[in-house]
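# Breakdown of the fold
Read off the chains here:
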Amino acid sequence: MRNPWAGSGGEYSSAHGDRAVVSGSVRPPVWKPGAQVVAAGGLPIAFAGEYCPLWVVGAHGGAGATSWARLLGAGDAGVSWPDPSRSTRVVVVARTHFAGLRAAQDAGIQWASGQVGRVELVGLILAADAPGRSPKELAPFRQRVAGAFPRVWLVGFQSAWRTGFAWDVPLSRDVRKVLKDMSLIGKDE
């Protein structure tokens, strides 16, 4: 199996420039659990007693898992995978800086290695770490990381989240798009 992080990947739609969603028509190959990938380290696994049909997992601290979980009406797993003994869906959240992309890549490798049990990986929300365009040097890496996830949403910097809770401030177009897409997941499959 070809490593989706090693070569050129999918195509980003240009509707929102740097904040575009990876198009569904041309995608890098997506790994499946047990794809003969070995993961060293990674996120811890939490054995929560409650069941939630969708969990938000932060690939790293400060990724925004709590905000996205609240907006999506999902469980907040923090920086850990939910109970792997139950079939559940997960969306991973990371920032667009190098460390955030690397953490998202590590989470994707850990999932592909089969270490997280019956977790269905829904996608990755990449939230901008600063206003403005992301450094162009990170674009190839971001595209490789996107290859580990079935869907990727790139969300611009949310300045309103700095002065209030994400769920208490008006939602940007980027955030509304993610919420709409997430509400449709599973209905078209």
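Scroll up for the structure.
The structure presented is a predicted model; accordingly, all values stated were derived computationally and were not measured.

Let's shift gears to the packing of aromatic side chains. In the structure shown here, the tally under the stated rule is 3 aromatic pairs. Between Phe165 and Trp167, the aromatic rings sit 4.8 Å apart at their centres with planes inclined by 10 degrees, giving stacked as the arrangement. Judged by its relative accessible area of 52%, Phe165 is exposed.

A few words on the side chain of Asp174. Following the sequence through the fold, Asp174 ends up in helix H4 (residues 173-184). In this structure the side chain of Asp174 is engaged in a polar contact, spanning 2.7 Å, whose partner is the backbone nitrogen of Gly156.

Structurally, the position occupied by Thr96 is in the loop between strand E3 (88-95) and helix H2 (98-112). Excluding anything up to four places from it in sequence, Thr96 contacts Leu101, Leu126, Ala127, Ala128, Asp129, Ser134 and Leu138. At 2.8 Å, the side chain of Thr96 and the side chain of Asp129 are in polar contact.

Analysis parameters
Residues numbered from 1 in each chain as written. Predicted model: local features only at pLDDT ≥ 70, side-chain atom pairs only at ≥ 80, totals over all residues. Heavy atoms only, no water. Phe/Tyr/Trp six-rings, centres within 6.5 Å; stacked < 30°, edge-to-face > 60°. Buried < 20%, exposed > 50% of the residue type's maximum accessible area, 1.4 Å probe, protein only. Helix = DSSP H or I, 4+ residues; strand = E, 2+ residues; numbered from the N terminus. Polar contact = N/O pair within 3.5 Å; in protein donor to acceptor, adjacent residues only side chain to side chain. Contact = heavy atoms within 4.5 Å.

That's the geometry; what it means functionally is another story.
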